[in-house]
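Summary of structural features
Each chain, letter by letter, is given below.
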Amino acid sequence: EAILEAAARVLAGESLAGTWRLNVADLQADDTGSLLGWCLEVDVHAPVITEFTCDGGFQCVLELGQPFELEFSWSDVDGNASGWSIQAIGDGFEFQAGAGAIQPPSGSGTIPLVGAPFTCPQPPCADTAILYVLTLTDTTALESETRSVDLFVL
């Protein structure tokens, strides 16, 4: 068991990609044994979004022409959070509001994003509610649970 724990420490943080082989040898004389089975348990964790805010709160109310800031923080015990994506969902629309890489991959951090002011090309414009949904990914393609903030444009 101690050998397996030492091997786990050596392999911590290594890529899971590739072929895995188990080599077993009985180097003691005058005894016999059998390996009846084996498995490899991989202990990986998805990144966790610890906070996602709009102008410092979990929702924000803006007037047309007013800039805003989205900010998110994360933690990742594996230390390999590598990317983020934000979807914007409103009444009758959905679009990719932003995406980016976390370089180098990291176990924690905070990223601020400045949003361009909303405009109204053909007044009158109705009030709009937008839900921004954030997802993080890591280098093994694991995704975080989503977090969201509400933004209201008046």
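This text follows the structure it describes.
Because the structure is predicted, anything quoted here is derived from the model rather than measured.

Right, let's talk about unusual backbone geometry for a bit. The omega torsion across Gln-103 and Pro-104 is -10 degrees, close enough to zero to call that bond cis. Tracing the sequence through the fold places Pro-104 in strand S5 (residues 93-106). For the peptide bond that leads from Pro-123 to Pro-124, omega is 0 degrees, which places it in the cis range. Although it is not a glycine, Asp-55 sits at a positive phi angle of roughly 50 degrees. Position of Asp-55 relative to the elements: it lies in the loop between strand S1 (48-54) and strand S2 (59-62). Classification of Asp-55 by relative accessible area gives partly exposed; the value is 41%. Backbone geometry places Ala-141, a non-glycine residue, at a positive phi of 75 degrees.

Strand pairing in a sheet is mediated by backbone hydrogen bonds. Such pairs are either parallel or antiparallel. Reading across the sheet, the 3 strands line up as S1-S3-S6 and stay open at both edges, with antiparallel pairing between neighbours. At either margin of the open sheet sits one strand with a lone partner, and together these are S1 and strand S6 (108-115). Between one strand and the next, the sheet's axes are offset by a mean angle of 15 degrees, whatever the strand orientation. Across 8 bridges, the pairing between strand S3 (residues 68-75) and S6 is antiparallel. Pairing of Leu-70 across the sheet is with Leu-113, part of S6.

Take the pairing of strand S8 (residues 147-153) next. The pairing of S2 with S8 spans 4 bridges and is parallel. Residue Cys-60 lies in a different strand from S8, and its bridge partner there is Leu-151.

Attention shifts here to the packing of aromatic side chains. A full pass over the atoms with the stated rule returns 5 aromatic pairs. Three or more aromatic residues joined by ring pairs form one cluster here, namely Phe-68, Phe-118 and Tyr-132.

Rules and cut-offs
Residues numbered from 1 in each chain as written. Predicted model: local features only at pLDDT ≥ 70, side-chain atom pairs only at ≥ 80, totals over all residues. Heavy atoms only, no water. Helix = DSSP H or I, 4+ residues; strand = E, 2+ residues; numbered from the N terminus. Buried < 20%, exposed > 50% of the residue type's maximum accessible area, 1.4 Å probe, protein only. Pairing = 2+ DSSP bridges. Axes fitted to C-alpha atoms, helices over the stretch in contact; angles between N-to-C directions. Phe/Tyr/Trp six-rings, centres within 6.5 Å; stacked < 30°, edge-to-face > 60°.

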